[in-house]
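Per-entry structural report
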Amino acid sequence: MSLARTALKTWLFIVACLRLFAVYLGVFNTADLKRGLFPLSPSSVTDLYGRTFATWTVLTCSLCVICALNLSSKPIYLATLLSFVYAAVHLGTEAFVFKTCSLASAASPVTIAVTTSTWMAIGWKHYLSPEPSPKRSTSKKSF
C-alpha cells in the first residue's frame, strides 16, 4: 500500500474518531454544543437539534470509515468528499449568513472539512485508480 493511501486512510479514521466526540455532545451534552459551536445563538440549539446534529455526524463518521476501508470506490469516495464540502458550507453559512457561530468556534471543523475535501479532490485520480498488485517473481526455480 502506498504511503499516500495509508496517510489518507489514517486521516479518515482520525476524523471519524473526532466526529464521535461531536455525536456525544449532540446526544448527551447539548449545552456544550451550544457553547462550543454556536455561542452567538445558543437558544437556537435545542435538544432536538442536538440529536439531529448527532445523527448527521454519525452518518459522516460512518462515511469516513467506509471510505477508508474502500478507498478505490468512486461512489463512496465522492459521497465522503461531498460530506466534507457540505460541512464546510453549512458552518460557513452559520457563521456568515445566520451568525449563529463565530469564526473561532467554527475554525476547527471548517479547517478539517476544507483540508480533507481539498486533499481528496487533489488526490481524486490517484486514490481512485486501482492499487498496483505486488510483483511476483516470474523466474522458475529448478530443483
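Everything below is about the structure printed above this text.
Everything in this summary refers to the structure shown in the same document.

1. Quick look at the nonpolar core
- Ranked by size, the top nonpolar core spans 18 residues in total, and within it Leu8, Leu12, Leu71, Tyr77, Phe84 and Met120 carry the most contacts.
- Breaking this core down by element, the ones donating at least two residues are helix H1 (3-28), helix H3 (47-69), helix H4 (74-96), helix H5 (103-122) and helix H6 (124-128).
- Among the elements that line this core, the one with the most residues is H4, at 5 residues.
- Grouped together as the second largest cluster of nonpolar side chains are 11 residues, Leu25, Leu33, Leu37 and Ala106 included.

2. Observations concerning the side chain of Ser83
- Residue position: Ser83 is located in helix H4.
- Ser83 has contacts with Arg19, Trp56, Thr60 and Leu63, leaving out every residue within four places of it along the chain.

3. Describing the packing of H4 against H5
- Contact geometry for H4 and H5: axes closest at 9 Å, N-to-C directions at 150 degrees. Comparing their axes, H5 and H4 come out roughly antiparallel. Both H4 and H5 take part in a crossing whose hand is left-handed. Of the residues in H5, those in contact with Tyr77, Thr80, Leu81, Phe84, Val85, Ala87, Ala88, Leu91 and Phe96 of H4 are Leu103, Ala106, Pro109, Val110, Ile112, Ala113, Val114, Thr116, Ser117, Trp119, Met120 and Ala121.
- By residue class, the composition of the contact of H4 with H5 is 18 nonpolar, 3 polar and no charged.

4. With respect to the packing of H1 against H5
- The contact between H1 and H5 brings their axes to 12 Å, and the two run at 155 degrees. Considering their axes alone, H1 and H5 lie roughly antiparallel with respect to each other. The crossing of H1 and H5 is left-handed. Listed contacts from H5 to Ala7, Leu8, Trp11, Leu12, Val15 and Leu18 of H1 are Ile112, Thr116, Trp119 and Met120.
- For the contact of H1 with H5, the per-class residue count stands at 9 nonpolar, 1 polar and no charged.

5. Describing the packing of aromatic side chains
- Considering all chains together, one arrives at 6 aromatic pairs under this definition.
- Taking the centre distance of 5.7 Å and the plane angle of 85 degrees together, the rings of Phe38 and Tyr49 count as edge-to-face. In this pair, Phe38 sits in the loop between helix H2 (30-37) and H3 while Tyr49 sits in helix H3, placing the two residues 11 residues apart along the sequence.
- Overall, the relative accessible area of 25% leaves Tyr49 in the partly exposed class.
- Three or more aromatic residues joined by ring pairs make a cluster, and in this case those are Phe38, Tyr49 and Phe53.

6. A short note on unusual backbone geometry
- Of note in the backbone geometry, Lys99 takes a positive phi value of approximately 55 degrees without being a glycine.
- Examined against the element boundaries, Lys99 turns out to sit in the loop between H4 and H5.

Rules used in this analysis
- Per chain, the residues get numbers from 1 upward, laid out in the order the sequence is written.
- In keeping with the model being predicted, local features are shown solely for residues with a pLDDT of at least 70 and side-chain atom pairs are shown and tallied solely at 80 or more, while totals for entire chains, interfaces and linings include all residues.
- Calculation of side-chain values draws on the structure's entire complement of heavy atoms; hydrogens and water are dropped beforehand.
- Each nonpolar core is a collection of buried residues, namely Ala, Val, Leu, Ile, Met, Phe, Trp, Tyr and Cys, held together in the definition by side-chain atoms within 4.5 Å.
- Accessible area is worked out with a 1.4 Å probe on protein chains only. A residue is then buried under 20% of its type maximum, exposed over 50%, and partly exposed in between.
- Runs of E in the DSSP output that reach at least two residues are strands. Runs of H or I that reach at least four are helices, and both are numbered from the N terminus.
- The contact rule is simple, with two residues in contact once any of their heavy atoms fall within 4.5 Å.
- Lines are fitted to the C-alpha atoms to define the axes, a helix being fitted only along its stretch in contact, and any angle between axes, read from their N-to-C directions, falls within 0 to 180 degrees.
- Note that the term roughly parallel is reserved for angles under 35 degrees, roughly antiparallel for angles over 145, roughly perpendicular for angles of 65 to 115, and oblique for everything else.
- Less than a right angle of anticlockwise turn of the near helix away from the far helix marks a crossing as left-handed, whereas a clockwise turn marks it as right-handed.
- Three classes are used, and their members are as follows: Ala, Val, Leu, Ile, Met, Phe, Trp, Tyr, Cys and Pro are nonpolar, Asp, Glu, Lys and Arg are charged, and the others, Gly among them, are polar.
- Think of it this way: a Phe, Tyr or Trp ring, Trp meaning its six-membered ring, pairs with another when their centres are within 6.5 Å, and the plane angle makes it stacked under 30 degrees, edge-to-face over 60, tilted otherwise.

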